[in-house]
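Coordinate inspection notes
Listed below are the residues making up each chain.
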Amino acid sequence: EADIYQTPRYLVIGTGKKITLECSQTMGHDKMYWYQQDPGMELHLIHYSYGVNSTEKGDLSSESTVSRIRTEHFPLTLESARPSHTSQYLCASSEFTGGQEEKLFFGSGTQLSVL
Amino acid sequence: DAKTTQPTSMDCAEGRAANLPCNHSTISGNEYVYWYRQIHSQGPQYIIHGLKNNETNEMASLIITEDRKSSTLILPHATLRDTAVYYCNALSEGAQKLVFGQGTRLTINP
């Protein structure tokens, strides 16, 4: 089992603030992901990374940015938070189990509320 | 990647086997079937995956039909903690292609 940690678990912040959501994993996984999910709705991939210095945009357009300077760390930043950014943000890393097989391990998520 | 179809919701009695179907009639030969579940407000959890043989682990069993056009996830003795949304996917590329759609909302009743 991968150990993947997200902080903070909950964040309430005012409009216009810059925020960084932290995600760290201790299993040495190369690939990491950020998903966004509204209550009762589907998960949408917003960013992913193949490894250090690699970042890619996901299927859902997002105003957030990510960086991957270290293998274990994949933070997500919003330069100026808005109420429309209110959502749950889920981080994941993946383990290749052989060939094309890949298992995702998720963190507990950060519930962001922008007032 | 193949499109998958799942029932929107299912109910099962506690202690009974929960059988969750998934249709993937357009699956290609190199696509794996993956199952994840998401318990309320938590991140999804990997359950099991398979290519063509039936698979079993400590969480569940995966039965894939011989033509690979459908599969069934079996939770052999469902507990209340198995209440969750269950997602079925078929893909051959990286996990960035996983689509967490509506899934099946499974409710285990006491």
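Our subject is the structure listed above.
These lines cover the structure that appears in this document, whether it is placed above or below. All chains use their own residue numbering, which begins from 1 and follows the written sequence. Labels are handed out in written order, letters beginning with A for the chains and numbers beginning with 1 for the ligands. Confidence filtering applies because this is a predicted model: local features only for residues at pLDDT of at least 70, side-chain atom pairs given and counted only at 80 or more, and all residues used for totals across whole chains, interfaces and linings. To obtain the side-chain values, all non-hydrogen atoms of the structure were included, while hydrogens and water were left out.

Of the grid points, spaced at 1 Å and generated over the protein atoms alone, those admitting a 1.4 Å probe that cannot get out make up cavities, while open sets with protein on both sides within 12 Å along at least five of seven lines make up pockets; any residue with an atom within 4 Å of a point is treated as lining. Grid points are joined across faces, edges and corners, and a volume is the space filled by probe spheres set on the points. Scanning all chains against the criterion turns up one cavity of 30 Å³ or more. If you go around the largest cavity, the residues you meet are A:Q100, A:E102, B:Y34, B:Y36, B:L91, B:E93, B:G94, B:A95 and B:L98. Lys, Arg, Asp and Glu make up the charged group, whereas Ala, Val, Leu, Ile, Met, Phe, Trp, Tyr, Cys and Pro make up the nonpolar group; the residues left over, Gly among them, are polar. Of the residues in the lining of the largest cavity, the class split is five nonpolar, two polar and two charged.

Time to look at the interface of chain B and chain A. On the chain A side, the residues contacting the 21 residues of chain B number 22 residues. Carbon and sulfur atoms supply 47% of the area buried between chain B and chain A, which totals about 1800 Å² over both sides. Note on terms: buried area is the combined drop in 1.4 Å-probe accessible area of two parts once they are placed together, counting the loss on both. Together, B:A95, B:Q96 and B:F100 form the three largest contributors to the area buried by chain B at its contact with chain A, with a combined 30%. When a carboxyl oxygen of Asp or Glu is within 4 Å of a side-chain nitrogen of Lys or Arg, the pair counts as a salt bridge. The interface formed by chain B and chain A holds zero salt bridges in total. Polar contact is the term for a pair of N or O atoms within 3.5 Å; when the atoms are in protein, one must be able to donate a hydrogen and the other to accept it, and sequence-neighboring residues count only if both atoms are side-chain atoms. For the pair chain B and chain A, the number of links is nine residue pairs in polar contact (both at pLDDT 80 or more). Put simply, the parts of the chain that give the side of chain B that touches chain A at least two residues each are β3 (32–38) and β4 (45–50) of chain B. Only heavy atoms matter for contacts: two residues are in contact if any of them lie within 4.5 Å across the pair. We count a stretch as a helix when DSSP gives it H or I for four or more residues in a row; a strand needs E for two or more, and each element gets its number in order from the N terminus.

Hydrogen bonding along the main chain pairs the strands of a sheet, whether they run parallel or antiparallel. Residue and element names in this part refer to chain B. Across the sheet, four strands lie side by side as β2-β7-β6-β5; this open sheet has antiparallel pairing. At either margin of the open sheet sits one strand with a lone partner, and together these are β2 (18–23) and β5 (55–56). For β5 and strand β6 (residues 61–64), the ladder comprises two bridges, and the chain directions are antiparallel. Counterpart to E55 in the pairing with β6 is L62. Here a strand pair is declared whenever DSSP counts at least two bridges between the two strands.

Residues and elements named next belong to chain B. Following the sequence through the fold, I48 ends up in strand β4. Here the alpha-carbon distance between I48 and L62, two residues 14 residues apart in the chain, equals 7.1 Å. Sequence-distant contacts of I48, defined by excluding residues within four places in its chain, comprise V33, Y34, W35, E55, T56, N57, A60, S61, L62 and L73.

The subject of this paragraph is unusual backbone geometry. Residues and elements named next belong to chain A. Following T7, the chain continues to P8 via a peptide bond in cis, the omega torsion being -10°. The residue P8 is located in the loop between β1 (4–7) and β2 (10–13) in this model. Of note, N53 is a non-glycine position whose phi angle comes to about 65°, a positive value. Within the secondary structure, N53 is located in the loop between β5 (43–49) and β6 (56–57). On the accessibility criterion, N53 (70% relative accessible area) is exposed. Throughout this description, buried means an accessible area under 20% of the type-specific maximum (1.4 Å probe, protein chains only), exposed means over 50%, and partly exposed covers the range between.

Here we come to the state of the cysteines. Pairs of cysteine sulfur atoms within 2.5 Å are identified as disulfides in what follows. The final tally for this structure, using the stated rule, is two disulfides over all chains. Each sulfur in the disulfide pair A:C23 and A:C91 lies 1.9 Å from the other. One quick way to see it: the torsion about the S-S bond of A:C23 and A:C91 is about -75°, and its sign makes the bridge left-handed. Residue A:C23 is located in strand β3 (residues 19–25), and its partner A:C91 is located in strand β9 (residues 87–98); the two are separated by 68 residues in the primary sequence. For A:C23, a relative accessible area of 0% gives the class buried. Covalently, B:C22 is tied to B:C88 through a disulfide, its sulfur atoms 2.1 Å apart. Linking B:C22 and B:C88, the disulfide has an S-S dihedral of approximately -85° and is accordingly described as left-handed. In this pair, B:C22 sits in strand β2 while B:C88 sits in strand β8 (residues 84–91), placing the two residues 66 residues apart along the sequence.

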